[in-house]
Amino acid sequence: MPKRVDHAERRAEIGEALVRVAGRRGLHAVGMRDVAAEAGVSLRLVQYYFETKEKLLLFGLELLTEQFGRRVSERLGAIAAGDAPGPRATVEALLMAALPVDEESRTFHHLYTSYAILSVTDPALAAQPFISRPDAAEDAVAGLLEQARDADLLRPGVEPRLEAIGLLALSAGLGTSILVGQRSAESATAVLRHGLDRIFRPRDPSQATST
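Residues numbered from 1 in each chain as written. Predicted model: local features only at pLDDT ≥ 70, side-chain atom pairs only at ≥ 80, totals over all residues. Heavy atoms only, no water.

### Brief notes about the pattern of salt bridges
- Per the counting criterion, the structure on display carries 13 salt bridges.
- A salt bridge links Glu51 to Lys55; its shortest N-O distance comes to 2.6 Å.
- The closest approach of N and O atoms between Asp152 and Arg201, which form a salt bridge, is 3.3 Å. One end of the pair, Asp152, is in the loop between helix H8 (132-150) and helix H9 (160-179); the other, Arg201, is in the segment after helix H10 (185-197), and 49 residues separate them in sequence.
- Accessibility expressed as a relative area gives 48% for Asp152, which makes it partly exposed. (Salt bridge = Lys/Arg side-chain N within 4 Å of Asp/Glu carboxyl O. Helix = DSSP H or I, 4+ residues; strand = E, 2+ residues; numbered from the N terminus. Buried < 20%, exposed > 50% of the residue type's maximum accessible area, 1.4 Å probe, protein only.)

Have a look at this one:
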C-alpha cells in the first residue's frame, strides 16, 4: 500500500523551509526553487502546494505569526506561574517577544519587517491580507489597555488606542535597532519597560508620583 501523504504536514515543511532560507539570505532574495532545495523536494511539488511565490510568502507569514503566538504564550506561562497574568504582564510579554534577542526572534523580526517592505512594491503580495496582521496586534494591545483603564491600572489621561499604536511602533523600532547593532537587547528592554512605566500606575504606591 502506498504511503499516505499528510498534505498539511508537507505544506508546513515547505513553509518552514522558506522561513529558514529567508532568514539566512533575506526574503527578497528567495525564490521557489531555493525553498524546494531547502525542503529537499522538487520545484514542481512546491508549485503544486502554493502555485505562486506570493501564496508561499503569505503562508510563511502565517507560520511566523503562529510561532510568535507560541513565544508570547510561553513567556506568559513563565510569568504567571499558574495565575492569570494581568494586562501589563500580557502587554509586556507581547512586546518583549517581538524583540530580536535570539535566533528565532531575530528571524521573526527580520522577515516580518521584510514582508511589510515587499508589500509596498509587490502588487501581488500587497493584494494579500497582510495589513490585517498589524491591525490585529493593535486591537489586541488597545483592548488590554482598555481593560487596564477599567481596572484603574493606568495613569490618568492615558488613551488606550493611541498608547497601543505608540507601544507597537516603539517595539518595532527597538527591534530594528537591535538587528543593526545600534542597541543591545538589554538597552531595548529597558526602554520598552520605561514606556510601560509611563502608561501603567506603579506597582509600588511609593512611586506614584514618578513619570
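### Overview of unusual backbone geometry
- Even without a glycine there, the phi angle at Glu51 is positive, about 65 degrees.
- Among the structural elements, Glu51 can be located in the loop between helix H3 (43-50) and helix H4 (53-80).
- Notably, Asp152 is not glycine yet its phi reads approximately 60 degrees, a positive angle.

### Quick notes on the packing of aromatic side chains
- Under the criterion given, the structure shown has four aromatic pairs.
- On the numbers, 5.0 Å between centres and 75 degrees between planes, the contact of Tyr48 with Tyr49 is edge-to-face.
- A relative accessible area of 10% means that Tyr49 is categorised as buried.
- In textbook terms, an aromatic cluster arises when at least three aromatic residues are bridged by ring pairs, as seen for Phe68, Phe108 and Tyr112. (Phe/Tyr/Trp six-rings, centres within 6.5 Å; stacked < 30°, edge-to-face > 60°.)

### Side note on the environment of Glu163
- Within the secondary structure layout, Glu163 lies in helix H9.
- Glu163 sits in the partly exposed class, given a relative accessible area of 25%.
- A C-alpha to C-alpha distance of 7.8 Å links Glu163 and Ile199, two positions 36 residues apart in sequence.
- Apart from residues lying up to four places away in sequence, Glu163 is in contact with Leu145, Val158 and Ile199. (Contact = heavy atoms within 4.5 Å.)

### Focus: H3
- Considered for burial, the residues of H3 that qualify are Val46, Tyr49 and Phe50. What you see down the axis of H3 is that its buried residues fit within an arc of 80 degrees, all on one side. Away from its buried face by more than 90 degrees, H3 exposes Arg44 and Tyr48.
- Just past H3, the residue Glu51 takes up positive phi, approximately 65 degrees. (Arc of directions from axis to C-beta.)

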